[in-house]
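Summary of structural features
Read off the chains here:
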Amino acid sequence: MNKLLIAAVALLVIVFVGINAATVIDQSEQGIVVQFGEPVGEVITEPGLHWKTPFIQEVRRFDKRLLAWDGDVSQIPTLGREFVVVDTTARWRITDALQFLRSVRDETGARTRLDDIIDSVVRDIVSGTDLEEIVRSADWQVDIDALPEEEVSIDQADLKKPKKGRAKLEAEMLAAASQQMPDLGIELVDVRIKRINYIDSVRTQVENRMIAERQSIAERFRSEGQGRSQEILGEMDRKLRRIRSEADRKAQEIIGKADAEATRIYGESYGKDPEFYAFFETLASYKAIDENTTLLLDADSDFYRYLQSTRGR
Amino acid sequence: MAGRRKNWLESVLTGKGWQEQGPSGGNSAGGPDGGSPFEMMKPAVLGFILLIIAWGGFSSFYTVQPEERAVVKRFGQVIGITDPGLNFKIPFGIDQVQRVATERVLKQEFGFRTDQRQRASDGRTRYTGQGQPDESLMLTGDLNVIDVEWVVQYRIADPIKYLYAMREPERTLHDISESVMRRVVGNRIGSDVLTVGRVEISAAAREEIQSAMVRYDNGIHVITVELQDVVPPQRVQPAFNEVNEARQERERTINEATKRQNQSIPRAEGEALRIVSQAEGYASERVNRALGETSRFDAVLTEYRRAPEVTRSRLYLETLKDALPRAGAVYVMRDGQTAPLPLLNLGNQNAQKAADKKEKGQ
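Basis of the calculations
Residues numbered from 1 in each chain as written. Chains lettered and ligands numbered in written order. Predicted model: local features only at pLDDT ≥ 70, side-chain atom pairs only at ≥ 80, totals over all residues. Helix = DSSP H or I, 4+ residues; strand = E, 2+ residues; numbered from the N terminus. Rg over C-alpha atoms; globule rule 2.2 N^0.38 Å. Buried ≥ 20, exposed ≤ 12 C-beta atoms within 10 Å, placed from the backbone. Contact = placed C-beta atoms within 7 Å. Nonpolar A, V, L, I, M, F, W, Y, C, P; charged D, E, K, R; others polar. Expected span 1.5 Å × (residues − 1). Arc of directions from axis to C-beta. Axes fitted to C-alpha atoms, helices over the stretch in contact; angles between N-to-C directions. Parallel < 35°, antiparallel > 145°, perpendicular 65-115°, else oblique. Left-handed = near helix turned anticlockwise from the far one by under 90°. Pairing = 2+ DSSP bridges. Domains from an automatic or database assignment. Core = buried A, V, L, I, M, F, W, Y, C linked by C-beta atoms within 7 Å.

1. Some thoughts on the overall build of chain A
Counting its regular elements, chain A contains 8 helices and 10 strands. Against the compact-globule benchmark of 20 Å for 313 residues, chain A has a radius of gyration of 55 Å, which places it well outside the compact range. For chain A, the C-alpha atoms occupy an extent of roughly 200 × 55 × 35 Å along the three principal directions. Counting all 313 residues of chain A, 27% fall into the buried class.

Now the structure itself:
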């Protein structure tokens, strides 16, 4: 009975020790065997089951994968003295776990160091660069002719191609920050500007500028409308005058011709006996006499003469 | 991680069994009646063994949903991917399974969040734009501020890479999307982004995000990048609207002028034709009258020439005979007489009438 008990205890001890000696390294991990605080042997990068001396050795595990770093948002003045808020992000991985363990111990330590290094690099580069250099990229190209009509007032000088552009600046940040990485056992894969924006007070000013810009564009549109309208109305007036005067001219010509024709006809006809015409026309004018007409007859006139002679009879 | 925990669990379980055994073993050693402590422990050991068997049984199979793939690890090392359905594995945490939804199209939102609660209540999708201003506010190439909201749709194309190439692939996707969108928007001028640039921006952003994902080799495939609301900052929006209104106003003013032109020019042309026609009418009337009058005159003249004296007197007298009765008053003038002598008409009524008329006339 006691034998059985001892066997059971022994089995359990073996299992316990075995489990302690077995080390599972995950696909995502790498491990370093540490004995009394001192690293022993190579870094274990191969995932799977590994063995170590139980109890006196322990395994420090580090992530083997690509890791994300996200810095604090920092206010930085650019070369043009605008204050901007810059938020950077970076990708990194632990390439030399031994060095990593010695220099920063763990990820928390690494992040603190990364914060310091990347922040200062970003600060240096942003403060030495104009804002448009950071915003625009090397393939910046604006087709002035293809701009929408409201933007034609944009100053072409403001649209110049950046000397470096965002991608190059990011590459510079990466290069500068990477210089210190081998000491940490870290490889920086990239450094990117995640966000860049004006600080609130500057943003308010920029928005005011945008509002003023839009308002002046609106004003231009309105006056363009007025101008065009006046132009059309002027054109209309010109056309109207031309049409009317031409019509008048034609009418006068026609009338003139007709008058001339009539005059010729009258002349030809009446010219045959001007004296009779005068008599005939005078008689015709008498036909216009009505009760409002007062006639003065000379006593010597033919009509009165016959009246007298009638009386004298 | 999970593997380590299970190992620990196992050791605790076995440790517990041993601890239970320990004191009772001591008892049996010192106790007067041997055998009985072990007999007493028997159900516990039995229960423990049963527990182990049950655990092994339950942890030796797993199901994978149709939209998922499962990554199987043995002692932490990836040994393969299994397809949907019922699958078996080595129990006791030796084999571990991680399910990844590879067939599902996933989505990240920028500048807004779909409000799941609201959607559940009335079946319509609601969005909350507030609270994410920093995510969507960015600078354009002409250094203006713009508010861009967008969606990235992606799929996990390679579950092993997705799990083991990067620690936080989705967070990285989010960061990179923000970075890329700002670069693409910053490389254009604001009005371009607001109007015609949308399609190109989406395409360029997708391309660039995808190439970053390929570089990280994290198994994410970006399907599309879709721009949602692209607007000027809230405070500036009224000014932008004003520009649109002004543009409308310009068109309206021009149209009104054109309308007036279109109204008056054809009318004036019509009037011109009328004036010309009237003139022509006058002309023919004038010529015809001339012709008529002259032919009458000619006719009379022909007759007059046959008997000039008689005709002349006849015409004269006929005319006066016709005209005199109609005249209001007739005066006769004689040389040397100062006032004209009224010719009294014999008909009283006529004279009276003539006098009245004269008074009225004066």
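2. Digging into the interface of chain B and chain A
Taken together, the contact between chain B and chain A spans 105 residues of the former and 108 residues of the latter. For the side of chain B that touches chain A, the elements supplying multiple residues, two or more each, are helix 1 (2-30), strand 3 (77-82), strand 9 (137-139), helix 6 (169-186), helix 9 (237-306), helix 10 (308-323), strand 12 (329-333) and helix 11 (348-361) of chain B. The greatest single-element share of the side of chain B that touches chain A, amounting to 37 residues, is contributed by helix 9 of chain B. Of the residues belonging to the side of chain B that touches chain A, the class tally is 49 nonpolar, 28 polar and 28 charged.

3. What about unusual backbone geometry?
Of note in this structure, A:R81 is not a glycine but carries a positive phi near 70°. With respect to the element layout, A:R81 can be found in the loop between strand 7 (74-77) and strand 8 (83-94). Since 9 C-beta atoms lie within 10 Å of it, A:R81 is described here as exposed. The phi angle at B:F75 is positive, at roughly 50°, despite the residue not being glycine.

4. Here we look at helix 8 (residues 198-216) of chain B
The first and last C-alpha atoms of helix 8 of chain B sit 27 Å apart over 19 residues, in line with the 27 Å expected at 1.5 Å per residue. Along helix 8 of chain B, the residues classified as buried are B:I201, B:A205, B:R206, B:I209, B:A212, B:M213 and B:Y216. Looking down the long axis of helix 8 of chain B, one finds its buried residues gathered within 135° of arc, a one-sided arrangement. On its buried side, helix 8 of chain B packs onto strand 8 of chain A together with strand 10 (145-156), helix 6, helix 7 (190-194) and strand 11 (220-231) of chain B. Count one or two residues on from helix 8 of chain B and you reach B:D217, which has phi positive near 55°.

5. Overview of the packing of helix 7 (residues 274-286) of chain A against helix 10 of chain B
At a minimum axis distance of 9 Å, the contact between helix 7 of chain A and helix 10 of chain B shows a crossing angle of 15°. Compared by their axis directions, helix 7 of chain A and helix 10 of chain B come out roughly parallel. By crossing handedness, the relation of helix 7 of chain A to helix 10 of chain B is classed as left-handed. Residue-level contacts link A:F279, A:L283 and A:Y286 of helix 7 of chain A to B:R312, B:L315, B:Y316, B:T319, B:L320 and B:A323 of helix 10 of chain B. Partitioned by chemical class, the residues of the contact of helix 7 of chain A with helix 10 of chain B number 7 nonpolar, 1 polar and 1 charged.

6. Brief notes about the sheet that holds strand 5 (residues 57-63) of chain A
Residues and elements named next belong to chain A. The strand order across the open sheet formed by 3 strands is 3-2-5, and the pairing between neighbours is antiparallel. The open sheet has two free edges, formed respectively by strand 3 (38-44) and strand 5, since each of these has just one partner strand. For this sheet the average axis-to-axis angle between neighbouring strands, irrespective of direction, equals 25°. Where strand 2 (residues 29-35) meets strand 3, 4 bridges bridge the pair, whose relative direction is antiparallel. When the sheet's bridge partners are listed, Q35 is paired in strand 3 with E38.

7. Quick notes on the domain arrangement of chain A
Bring the parts together and some accessible area is lost; that lost area is often taken as the interface size. Residues and elements named next belong to chain A. Here the domain parsing of chain A yields domain 1 (2-63) and domain 2 (67-198). Using C-alpha coordinates to define each centre, domain 1 is positioned 43 Å away from domain 2. Between domain 1 and domain 2, the residue contacts involve 7 residues of the former and 6 residues of the latter. Those elements giving two or more residues to the side of domain 1 that touches domain 2 turn out to be strand 2, strand 3 and strand 5. With 3 residues, the single largest contributor to the side of domain 1 that touches domain 2 is strand 5. In terms of residue class, the side of domain 1 that touches domain 2 is made up of 4 nonpolar, 1 polar and 2 charged.

8. Focus on the nonpolar core
Judged by nonpolar contacts, the single largest core of 70 residues is most densely connected at A:F100, A:I118, B:V185 and B:I209. Residue contributions to this core peak at 8 residues, all from helix 3 (residues 107-127) of chain A. Those residues in contact with B:I209, other than ones at most four positions away along the chain, are B:V152, B:I176, B:S177, B:V180, B:V222 and B:V225. Counting residues in each nonpolar core, the second largest holds 12 residues, with A:A247, A:I254, B:A279 and B:A290 among its members.

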